[in-house]
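Here are the chains, one letter per residue:
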Amino acid sequence: MGETHHRVFRITDGSDDDWASWYADWLTKLSELPTLLGPPMVRSELVYMLVRLDKEYVADRSGEPWEDYYAARLVDHFGGP
């Protein structure tokens, strides 16, 4: 996911106000996320979670890589293994 993010960031000059929708679409259709997390997820819920996690990540300033931060919380939320 991180590599895809950097590629899109470069293409859009870092500006993509609807990034969460794009990522949710990519994650639900082209990644292994649905298989890893079990039951089918609703795309709109994933968009919501991505936006929420972005705000939390910025506020927390944990220094943890964003990919790890998001992944752990998505697994918690969607009930993965």
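The structure we're discussing is the one just above.
The structure presented is a predicted model; accordingly, all values stated were derived computationally and were not measured.

## Concerning the side chain of Ser 21
Okay, so step 1: Along the chain, Ser 21 turns up in helix H2 (residues 19-30).
Okay, so step 2: A relative accessible area of 16% means that Ser 21 is categorised as buried.
Okay, so step 3: Those residues in contact with Ser 21, other than ones at most four positions away along the chain, are Arg 43 and Val 47.

## Some details on the nonpolar core
Okay, so step 1: Ranked by size, the top nonpolar core spans 17 residues in total, and within it Leu 46, Leu 50, Leu 74 and Phe 78 carry the most contacts.
Okay, so step 2: Residue assignment for this core shows that the elements contributing at least two residues are H2, helix H3 (33-37), helix H4 (43-60) and helix H5 (66-78).
Okay, so step 3: Other than its neighbours up to four places away in sequence, Leu 50 contacts Trp 19, Ala 20, Tyr 23, Ala 24, Leu 27, Tyr 70 and Leu 74.

## Considerations on H4
Okay, so step 1: Its 18 residues place the ends of H4 25 Å apart at the C-alpha level, agreeing with the 26 Å of an ideal helix rising 1.5 Å per residue.
Okay, so step 2: For H4, the set of buried residues is Leu 46, Val 47, Met 49, Leu 50 and Leu 53. The buried residues of H4 occupy an angular sector of 165° when the element is viewed end-on, so they sit on one face. Summarising the geometry of H4, the exposed residues directed more than 90 degrees from the buried face are Ser 44, Lys 55, Val 58 and Ala 59.
Okay, so step 3: Contacts from the buried residues of H4 go to H2, H3 and H5.

## Some details on the packing of aromatic side chains
Okay, so step 1: For the structure on display, the rule yields six aromatic pairs.
Okay, so step 2: Relative to Tyr 70, the ring of Tyr 57 lies with its centre 6.3 Å away and its plane at 75°, an arrangement referred to as edge-to-face. Taken together, the residues Tyr 57 in helix H4 and Tyr 70 in helix H5 connect sequence positions 13 residues apart.
Okay, so step 3: The exposure class assigned to Tyr 57 is partly exposed, which follows from its relative accessible area of 22%.
Okay, so step 4: With centroids separated by 5.4 Å and ring planes inclined at 75°, the aromatic side chains of Trp 66 and Tyr 70 adopt a geometry described as edge-to-face.

## Quick notes on unusual backbone geometry
Okay, so step 1: Phi at Arg 61 is positive, roughly 45°, even though this residue is not glycine.
Okay, so step 2: Tracing the backbone shows Arg 61 in the loop between H4 and H5.

## Here we look at H2
Okay, so step 1: Given a rise of 1.5 Å per residue, 12 residues ought to cover 16 Å, and the 16 Å separating the end C-alpha atoms of H2 matches this to within 8%.
Okay, so step 2: Of the residues making up H2, those classed as buried are Ala 20, Ser 21, Tyr 23, Ala 24 and Leu 27. An end-on view of H2 places all buried positions within 165° of arc, on one side of the element. Within H2, the exposed residues directed more than 90 degrees away from the buried face are Lys 29 and Leu 30.

Cut-offs and rules
Residues numbered from 1 in each chain as written. Predicted model: local features only at pLDDT ≥ 70, side-chain atom pairs only at ≥ 80, totals over all residues. Heavy atoms only, no water. Helix = DSSP H or I, 4+ residues; strand = E, 2+ residues; numbered from the N terminus. Buried < 20%, exposed > 50% of the residue type's maximum accessible area, 1.4 Å probe, protein only. Contact = heavy atoms within 4.5 Å. Core = buried A, V, L, I, M, F, W, Y, C linked by side-chain atoms within 4.5 Å. Expected span 1.5 Å × (residues − 1). Arc of directions from axis to C-beta. Phe/Tyr/Trp six-rings, centres within 6.5 Å; stacked < 30°, edge-to-face > 60°.

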